[in-house]
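Tertiary structure, described
Residue strings, one per chain:
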Amino acid sequence: MIKVGIIGVGTVGESVAKILKENQDVISARAGKAIEVKCGVVRDINKKRDVDIPLSANVNDVLEDGEIDIVVELMGGVEEAYKVVTKALKNKKAVVTANKALLAYHRYELQTIAKDLPFAYEASVAGGIPIINALRDGLSANHIDSIMGIMNGTCNYMLTKMRDDGVGYDEILKEAQQLGYAEADPTFDVGGFDAAHKLLILASIAYGIDAKPEDILIEGIENITQDDISFAKEFGYEIKLLGIAKKDDTEVELRVHPTLIKKDEMIAKIDGVMNGISVIGDRVGETLYYGPGAGGDATASAVIANIIEIARGGGRSPMLGFNRPMEGKLKLKNTNDVSSRYYLRINVDDKAGVLAKITKHFEENSISIETMLQKPIKDTANLLISTHTAKEKDIQNLIEELSNLAFVKQKPVMIRIV
Ligand code: NAP
Ligand code: HSE
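A short tour of the structure in this document, coming up. These numbers were taken from a predicted model, which means no experiment stands behind them.

1. Things to note about the overall build of the protein chain
Helix and strand counts for the protein chain stand at 14 helices and 18 strands. Reported as C-alpha extents along the three principal axes, the dimensions of the protein chain are approximately 75 × 50 × 35 Å. For the protein chain, the proportion of its 418 residues judged to be buried stands at 56%. Total accessible area on the protein chain stands at roughly 18400 Å², and carbon and sulfur atoms take up 48% of it. The centroid of the 51 positive side-chain charges in the protein chain is displaced by 2 Å from the centroid of its 61 negative side-chain charges.

Pasting the structure below:
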């Protein structure tokens, strides 16, 4: 018998407790032993919950219980969760977590503290998709050329609904929260941070890179409007929030941002709460991973897979996939050195000569325009412009210059084109 303590019995924790009970026939047969939740820890013991496990409001009831073998951390947050997980490991318990924010900041320290104790985190990236397993074990013979994909279910759900139903941003965000997709603080989703946390975890496994969220380019979906969506429709694109990791000989670029992607690309077809990640290995070629990226049951599916793995005696492989550092380690690429095609939405006074002045700034920054649309709004106009390949630093310079012009009404919105 394996005894589990769950710290955090919210959306995911409730599903873990329920599935462990309802699917116990298949779970215990696969694990080779029974698995029982001995205690769940919550903040508010009086809140009504849809589970029948013993509850406590004291984490030590799990962390200091000598009978508990596996601590499942599903409380979220960074520093408090770090303390809880560290104490669990110091008390010689195996740990399973779905907490990508914790791992984005503390994965290397936790790997050191865990040493040979099982530490598993499949649910931290792309919900129910077993991407950690695939990347860390299934593709371990490969140099990883790139990882690119939709890594946040909330944003993909919102962008899909904005496109299909024209529903307002706030209303759809509320829906995503009610469905259990969003983080406790949804700015982590819409601001791109949650996808960045996941990208950093994948980048550690693929490249051994120890980067923090502050080190990489992160942009969210907060500024996307129906104008951008109709431009995308008109020119055959979808707008997706992508996490991108790309390697060259010496450097890896890591970025998260909304992206215009051609409709016929596989990733462009992934809608709703689904996530989809493409991984290209130098020997295997392209592999694709698709499935539900958020939600209680889908995430619990990955959490329980880790519990079963540990019950079988596994989960001890090097947590982040490397037994020792690579020689000639890869460096993180400076964002300014990245090149892309770009889309810009520039809101300007609808007056004679404005367009000519705007295009002059493009020319001065060596940025070539590919397509252009003008949409009048009262006495202003939205210029919707796509460019040929340009350098990130030139685009940033252009945006700064345009923002300072009197006839440009607000900071231009930019979306990169893949
Ligand atoms: P949630 O619904 O907000 O649940 C959090 C749970 O943790 C609640 O039961 C809460 O107690 C408890 N908790 C929070 N702080 C605590 C503390 N200091 N001491 C004791 N208990 C505490 O969150 P969730 O959606 O289940 O997410 C849990 C974790 O899984 C997060 O790290 C999240 O990023 C990750 N995750 C979530 C999803 C998803 O689709 N939701 C998918 C993948 C990963 P109360 O109930 O009393 O407030
Ligand atoms: N809030 C996250 C998302 C949960 O929407 O993708 C899954 O990690």
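2. Things to note about the sheet that holds strand S1 (residues 2–7)
One open sheet accounts for six strands, arranged S3-S2-S1-S4-S5-S6; its pairing is parallel. Of all strands in the sheet, those with a lone pairing partner are strand S3 (55–56) and strand S6 (119–120), marking the two edges.

3. Overview of the site of ligand 2
Around ligand 2 sit Lys-100, Asn-152, Gly-153, Thr-154, Tyr-181, Ala-182, Glu-183, Asp-189, Asp-194, Lys-198, Gly-293 and Ala-294, and those are all the residues in its vicinity. The contact in question runs from a nitrogen atom of ligand 2 to an N or O atom on the side chain of Glu-183, over 2.7 Å. A distance of 2.7 Å separates a nitrogen atom of ligand 2 from a polar side-chain atom of Asp-189. Out of a free accessible area of 250 Å², ligand 2 has 95% covered by protein chains. Looking at the shell around ligand 2, the elements with two or more residues in it are helix H7 (153–165) and helix H10 (193–207). Residues belonging to the shell around ligand 2 are distributed by class as follows: three nonpolar, four polar and five charged.

4. Some words on the packing of aromatic side chains
Within the structure shown, the criterion is met by four aromatic pairs. With a centroid separation of 5.5 Å and 70° between ring planes, the pair formed by Tyr-157 and Tyr-181 is classed as edge-to-face. Within this pair, whereas Tyr-157 is found in helix H7, its partner Tyr-181 is found in the loop between helix H8 (169–178) and helix H9 (187–190), the two being separated by 24 residues in sequence. Tyr-181 carries the same exposure label as Tyr-157, and that label is buried. Between Phe-188 and Phe-193 the ring centres are 6.3 Å apart and the planes differ by 70°, which places this aromatic pair in the edge-to-face class. With a relative accessible area of 34%, Phe-188 lands in the partly exposed category. Grouped by ring-pair contacts, the aromatic residues Phe-231, Phe-235 and Tyr-343 constitute a single cluster. Seen from the ring of Tyr-237, Lys-262 lies directly overhead, with NZ or CZ sitting 4.3 Å from the centre.

5. Points about the pairing of strand S11 (residues 274–281)
Summarising burial for S11: six of the eight residues are buried, a large majority. Across six bridges, the pairing between strand S7 (residues 144–150) and S11 is antiparallel. If you follow Ser-146 over to S11, its bridge partner there is Ile-280. Sheet topology places S11 next to strand S12 (residues 285–292); eight bridges connect them, and they run antiparallel. Each residue of the ladder has a partner; that of Val-279, found in S12, is Thr-287. Hairpin connection, S11 to S12: the antiparallel pair is bridged by three residues.

6. What about H8?
For H8, the full list of buried residues reads Ile-172, Leu-173 and Ala-176. Viewed end-on, H8 has its buried residues packed into an arc of 105°, placing them on one side of the element. In H8, those exposed residues whose orientation departs by more than 90 degrees from the buried face are Asp-170, Glu-171, Lys-174 and Gln-178. For H8, the elements touching its buried residues are H7 and H9. A positive backbone phi angle near 80° is found at Gly-180, which sits one or two residues after H8.

Conventions adopted
- Residues numbered from 1 in each chain as written.
- Chains lettered and ligands numbered in written order.
- Predicted model: local features only at pLDDT ≥ 70, side-chain atom pairs only at ≥ 80, totals over all residues.
- Heavy atoms only, no water.
- Helix = DSSP H or I, 4+ residues; strand = E, 2+ residues; numbered from the N terminus.
- Buried < 20%, exposed > 50% of the residue type's maximum accessible area, 1.4 Å probe, protein only.
- Areas by Shrake-Rupley, 256 points an atom, 1.4 Å probe, with all protein chains shown as cover.
- Lys, Arg positive; Asp, Glu negative; His and termini not counted.
- Charge placed at Lys NZ, Arg CZ, Asp CG, Glu CD.
- Pairing = 2+ DSSP bridges.
- Near = heavy atom within 4 Å.
- Polar contact = N/O pair within 3.5 Å; in protein donor to acceptor, adjacent residues only side chain to side chain.
- Nonpolar A, V, L, I, M, F, W, Y, C, P; charged D, E, K, R; others polar.
- Phe/Tyr/Trp six-rings, centres within 6.5 Å; stacked < 30°, edge-to-face > 60°.
- Lys NZ or Arg CZ within 6 Å of the ring centre and 35° of its normal.
- Arc of directions from axis to C-beta.
- Contact = heavy atoms within 4.5 Å.

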